[in-house]
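# Results of the structural survey
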Amino acid sequence: MTRRPTFTKRHLRLLRDACLKPVTGEEIDAVDPHLIAQVAPFIQWFCEKYYRLTVEGLESVPSGKALIVGNHNSGTSFYEAIGVGAHWYIHKGVGEIVHSLAHDAIMELPVVKNIMLRLGTLHASHQSAREAFARGRKVQVFPGGNLEAFRSYKHRDRIVFGNRKGFVRLAIREQVPIVPAVFVGGHEGFFIINDGQEVVKKLGLKKIPILRSDTWPLMLTFPWGLVWGPMAHIPLPTKCTTRFLEPITVDHYSPEDEFNPEALQDIYDQVVNTMQAHLTKMSAERRFPILG
């Protein structure tokens, strides 16, 4: 278990500045390795204590640019992913930058946006990913988005990408390997009764730009109790594990194949089937919900 790091006034000033000082210039250049190095030990310590977080297979991730593809747990409170990021930098070093792509609804929050950009998070777009790859960096995406983040509790052991193949197009066009990352445990930190896809269709919520939501869940959360809608919550201290898998290469296709339906389906099936096999196995190894 990681020893608790010491929090000083210097750390407080660093966090204050990171939150309150607006980011100027290009978003891709806002990432602050010094800030990451200072906060990573605290995040790792907390996540190991609260989630009993374990990270496996980090040695499988190749150096250089790559596309890390994960399954999205925990609704809008996907905090174990932040813990995995801290684990990454502590073991890989801050020179191995990973840019996570996040929904506009998160990236447009005033204070949150400032610190997220400094920690390497970018607005979710292919342009953001291309800029990161051009610098030889890694990009992390969660193709399932809110469709997967708010899948029902009974489907917590399923990969739900909704046939979204944008990440495959990106990997083929940029000729980068895909590194699947399987997250398990976090979706037991709250209880989704219904994902509300029918509500979204009837109310036209997907047409609202700031939402662009496929789901409007009915869920039981702490501390709010029964809520309707994608409200942030405090996850229960469920045992969480993340496993990085062997890279899936796309170099048997050319960049021109980004619009080739057969190529897209081939890589998509490889990624989803591989992740589902590991998620099923990892879920079966859990003896009890929350406890792991």
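Structural notes, computed from the coordinates. (Residues numbered from 1 in each chain as written. Predicted model: local features only at pLDDT ≥ 70, side-chain atom pairs only at ≥ 80, totals over all residues. Heavy atoms only, no water.)

## Observations regarding the pattern of salt bridges
The condition that has to hold: By salt bridge we mean one thing: a side-chain nitrogen of Lys or Arg within 4 Å of a carboxyl oxygen of Asp or Glu. Working definition: helices are DSSP H or I runs of at least four residues, strands are E runs of at least two. Numbering for both runs from the N terminus.
Per the counting criterion, the structure on display carries 12 salt bridges. One salt bridge connects Glu-174 with Arg-173, and the closest N-O pair in it is separated by 3.5 Å. Linking Glu-258 and Arg-173 is a salt bridge whose minimum nitrogen-to-oxygen distance equals 2.9 Å. Here Glu-258, found in the loop between β10 (241-244) and α10 (261-284), pairs with Arg-173, found in helix α8 (residues 166-174); they are 85 residues apart in sequence, far enough to count as distant. A single salt-bridge network, built from bridges that share partners, covers Arg-169, Arg-173, Glu-174 and Glu-258.

## Let's talk about a nonpolar patch on the surface
Spelled out, the test is: Only residues whose relative accessible area exceeds 30% and that form no salt bridge are eligible for patches; like-charged ones are grouped when within 9 Å, while nonpolar side chains (Val, Leu, Ile, Met, Phe, Trp, Tyr) are grouped when within 5 Å. Only the protein chains shown count as cover for residues, and all accessible areas are computed by the Shrake-Rupley method using a 1.4 Å probe. Think of it in three bands: with a 1.4 Å probe and only protein chains considered, a residue is buried below 20% of the maximum accessible area for its type, exposed above 50%, and partly exposed in between.
Where nonpolar side chains cluster on the molecular surface, the patch consists of Ile-193, Leu-203, Leu-218, Leu-220, Leu-226 and Trp-228 and spans about 620 Å² of accessible area. Elements with a minimum of two residues in the nonpolar patch: β8 (218-221) and β9 (225-228). For Ile-193, the position within the fold is in strand β7 (residues 191-194). On the accessibility criterion, Ile-193 (53% relative accessible area) is exposed.

## Comments concerning the sheet that holds strand β3 (residues 98-102)
Counted only if it meets this: The criterion for strand pairing is that DSSP finds at least two bridges linking the strands in question. Residue contacts are defined here by distance: any two heavy atoms, one from each residue, within 4.5 Å place the two residues in contact. Axis lines are fitted through C-alpha atoms, for helices just across the contact stretch, and the angle between N-to-C directions can take any value from 0 to 180 degrees.
In spatial order, the strands read β1-β10-β6-β2-β5-β3-β4; together these seven strands make up an open sheet with mixed pairing. Every other strand in the sheet has two partners, leaving β1 (54-56) and β4 (122-123) as the edge strands with one partner each. Alignment of strand β6 (residues 178-184) against β10, held across four bridges, turns out to be antiparallel. Counterpart to Phe-183 in the pairing with β10 is Thr-242. Most of the contacts of α8 go to strand β2 (residues 66-70), to which it runs at about 165°, and overall it touches β2, β5 (138-141) and β6.

## A word on the pairing of β9
Alignment of β8 against β9, held across four bridges, turns out to be antiparallel. Bridge assignment links Thr-221 to a residue of β9, and that residue is Gly-225. Taken together, β8 and the strand that follows it, β9, pair antiparallel across an intervening segment of three residues.

## Details of the sheet that holds β7
Strand order in this open sheet of three strands is β7-β8-β9, and the pairing throughout is antiparallel. Single-partner strands in this sheet number two, and they are β7 and β9. With strand direction ignored, the average angle separating the axes of adjacent strands in the sheet is 25°. With three bridges connecting them, β7 and β8 associate as antiparallel partners. Note that in β8 the partner of Asn-194 across the bridge is Leu-218.

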